[in-house]
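Single-letter residue listing:
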Amino acid sequence: MGKRLDGEVSEANFEWSEGQVPAPGEGQYLLHNLWYSFDPTQVFLVGEAGRPETESGAIPLGEVMRGFAVSEVVESRHPGFQPGDLVHSHVGWEDYSVGDGTGWAPAYRIPSDVPPNWGAGVFGITGVAAYFGVTEVAKGKPGETFVISGAAGGVGSIATQLAKLRGLRVVAIAGGDRKCAWLREESGADVVIDHRKEDVAQRLKEACPDGIDIYFDNAGGPTLDLVLDRLRNGGRVILCGATSRYRANPPLPGPANYLQLIMLNARMEGLLARDYLPRVPEVVGALLPLLRSGRLKSKEDVLVGLRNAPTGLARLYSGANVGKQLLQMDAPKPS
Ligand SMILES: NC(=O)c1ccc[n+]([C@@H]2O[C@H](COP(=O)([O-])OP(=O)(O)OC[C@H]3O[C@@H](n4cnc5c(N)ncnc54)[C@H](OP(=O)(O)O)[C@@H]3O)[C@@H](O)[C@H]2O)c1
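Keep in mind that what you see is a predicted model, and the values were worked out from it rather than measured. (Residues numbered from 1 in each chain as written. Predicted model: local features only at pLDDT ≥ 70, side-chain atom pairs only at ≥ 80, totals over all residues.)

Along the backbone of the chain there are 12 helices and 13 strands. By the compact-globule yardstick of 20 Å for 335 residues, the chain fits well, its C-alpha radius of gyration being 20 Å. The buried share of the chain, reckoned over its 335 residues, is 45%. Within the chain, contacts between residues at least 6 apart in sequence are counted, and of these 68% link residues at least 24 apart. (Helix = DSSP H or I, 4+ residues; strand = E, 2+ residues; numbered from the N terminus. Rg over C-alpha atoms; globule rule 2.2 N^0.38 Å. Buried ≥ 20, exposed ≤ 12 C-beta atoms within 10 Å, placed from the backbone. Contact = placed C-beta atoms within 7 Å.)

Here is the structure:
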């Protein structure tokens, strides 16, 4: 980590350093990092200029930036991991990492017949958030109206398709022509709203004349208020993320009309995918056949090479990514 944020995320926030490939100690393994996943909350690790590290959880300057990745075990002194295993874990932005299976999130193995890019995306933290958000938290039923923001991003692209596969009527909100075209042509969404060009309040009124049963919120911000206004009795608001709020300074005010939840016997509930990671085998069991048959698409936006990692994070804030933002590493496996 080189410099705290003082504007947009960019390469200037990071410094390069080179070192030896680390050696695993007893109870550890050595990983060759293959595919990185990006999440808007990684800005908290970079930290904001002028804000105390303890407040945002920023990584101390000089230490290695971290993120979720799928890696191959190349050497192991850990009884639970063997060379050749594909592992999903929270590691440094580096070619090789040493781990012991514990840390900010538990490491888990990706089945060997699953492509590593799927491991970092649809079977990583974003796919887990989408799967359990739609199936267990939203408990969507066929025919219900499901509105989703950030619909063409990593979480959103999977959640949108899963809601359709469960027979819900899906209203997908995203920003820009490329995202909206993908949603219209590939995701199965019934209605697509471009929040950058269209009047979202008016479009929600037209698209949901009888109200909204479920709102899957990835963006936070004013759309939440608009949805609360149109929520139906027994409605569910799933708080998955709030990209619009993470860097807002001063902080954005909360939803003004949350009292709707009382009047409608509705609920608003958070979802932390990290807590569901031990249940990844269920996600693999449910989604792998859908992916293999083409009924579910893993829409990915791929950068190549570790030097592009800052760009990977920046694209989540410019909105440039269509689908899950990934980065494929290009360093050779150690001999
Ligand atoms: N709860 C959990 O455990 C969990 C797990 C994973 C992710 N998340 C959260 O879920 C959300 C989606 O994550 P993701 O990785 O799939 O990201 P993503 O949706 O692929 O990328 C972020 C998107 O946010 C939108 N955006 C950027 N700046 C914005 C702003 N100022 N206001 C409104 N929208 C803005 C852009 O989409 P548009 O161009 O469409 O606006 C951008 O493409 C994030 O908030 C993330 O932190 C939560």
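There's plenty left to go through after this.
Turning our eyes to something else, we now look at the environment of alanine 189. Note that alanine 189 resides in the loop between helix H6 (177–187) and strand E8 (191–194). Along the chain, alanine 189 and alanine 172 lie 17 residues apart, while their C-alpha atoms are 6.2 Å from each other. Once residues within four sequence positions are removed from consideration, alanine 189 is found in contact with Ala151, Thr160, Lys164, Val170, Ala172 and Leu183.

A few words now on the environment of isoleucine 148. Position of isoleucine 148 among the secondary structure elements: in strand E6 (residues 145–148). Taking the C-beta count within 10 Å as the criterion, isoleucine 148 has 34 such neighbours and is therefore assigned buried. Linking isoleucine 148 and valine 192, residues 44 residues apart in sequence, is a C-alpha distance of 9.9 Å. Dropping the residues within four chain positions of it, isoleucine 148 is found in contact with Gly156, Ala159, Thr160, Val170, Ala172, Ile173 and Phe216.

Our next topic: the site of the ligand. In the vicinity of the ligand lie 33 residues, with Gly153, Gly175, Gly241, Ser244 and Gly319 positioned nearest. Sorting the residues of the shell around the ligand by element identifies helix H4 (125–137), helix H5 (154–165), helix H9 (243–246) and helix H12 (309–318) as the ones contributing at least two each. Of the residues in the shell around the ligand, the class split is 14 nonpolar, 16 polar and 3 charged. Two domains share the shell around the ligand, each providing at least three of its residues, namely domain 1 (11–121 + 298–328) and domain 2 (125–274). (Near = placed C-beta within 6 Å. Nonpolar A, V, L, I, M, F, W, Y, C, P; charged D, E, K, R; others polar. Domains from an automatic or database assignment.)

Looking now at the domain arrangement of the chain. Interfaces are often described in size by the accessible area the parts lose on coming together. Partitioning the chain into domains gives domain 1 (11–121 + 298–328) and domain 2 (125–274). Every contact between the two is made by 15 residues of domain 1 and, on the other side, 17 residues of domain 2. Classifying every residue of the side of domain 1 that touches domain 2 by side-chain character gives 5 nonpolar, 7 polar and 3 charged.

The subject of this paragraph is H12. Turning to H12, its buried residues are Ala309, Gly312, Leu313, Ala314 and Leu316. In this structure, the buried side of H12 is in contact with strand E1 (29–37), helix H1 (42–46), strand E12 (300–304) and strand E13 (324–328). Looking one or two residues past H12, glycine 319 carries a phi angle of roughly 80°, positive in sign.

If you walk across this open sheet you meet the 6 strands as E8-E7-E6-E9-E10-E11, and the pairing is parallel. Two strands bound the open sheet, and with one partner strand each, they are E8 and strand E11 (267–270). Sheet twist, expressed as the average angle between the axes of neighbouring strands with direction ignored, equals 15°. Judged from the 3 bridges that link them, E6 and strand E9 (residues 212–217) form a sheet pairing that is parallel. Bridged to phenylalanine 146 within E9 is isoleucine 214. Where helix H8 (residues 222–230) meets the sheet, it contacts E6, strand E7 (169–174), E9 and strand E10 (231–239), and its direction lies at approximately 165° from that of E9. (Pairing = 2+ DSSP bridges. Axes fitted to C-alpha atoms, helices over the stretch in contact; angles between N-to-C directions.)

Within the secondary structure, leucine 264 is located in the loop between helix H10 (260–263) and E11. A count of 15 C-beta atoms within 10 Å places leucine 264 in the partly exposed class. It is 9.8 Å that separates the C-alpha atoms of leucine 264 and leucine 228, two residues lying 36 residues apart in sequence.

Moving on, we come to H4. Here H4 contains 13 residues, and its C-alpha end-to-end distance of 16 Å is more than 12% below the 18 Å for a straight helix at 1.5 Å per residue. Extensive coverage of H4 is indicated by the burial of 11 of its 13 residues. Burial in H4 covers these residues: Ile125, Thr126, Gly127, Val128, Ala129, Ala130, Tyr131, Phe132, Gly133, Val134 and Val137. Remark: lysine 139 follows H4 within two positions and exhibits a positive phi of approximately 50°. (Expected span 1.5 Å × (residues − 1).)

Note: E7 against E8, 4 bridges, orientation parallel. When the bridges of E8 are listed, alanine 174 appears paired with aspartate 194. Since E7 and E8 lie parallel, the crossover through H6 that links them has a hand, and here it is right-handed. (Right-handed = clockwise from strand over helix to strand, strands pointing away.)

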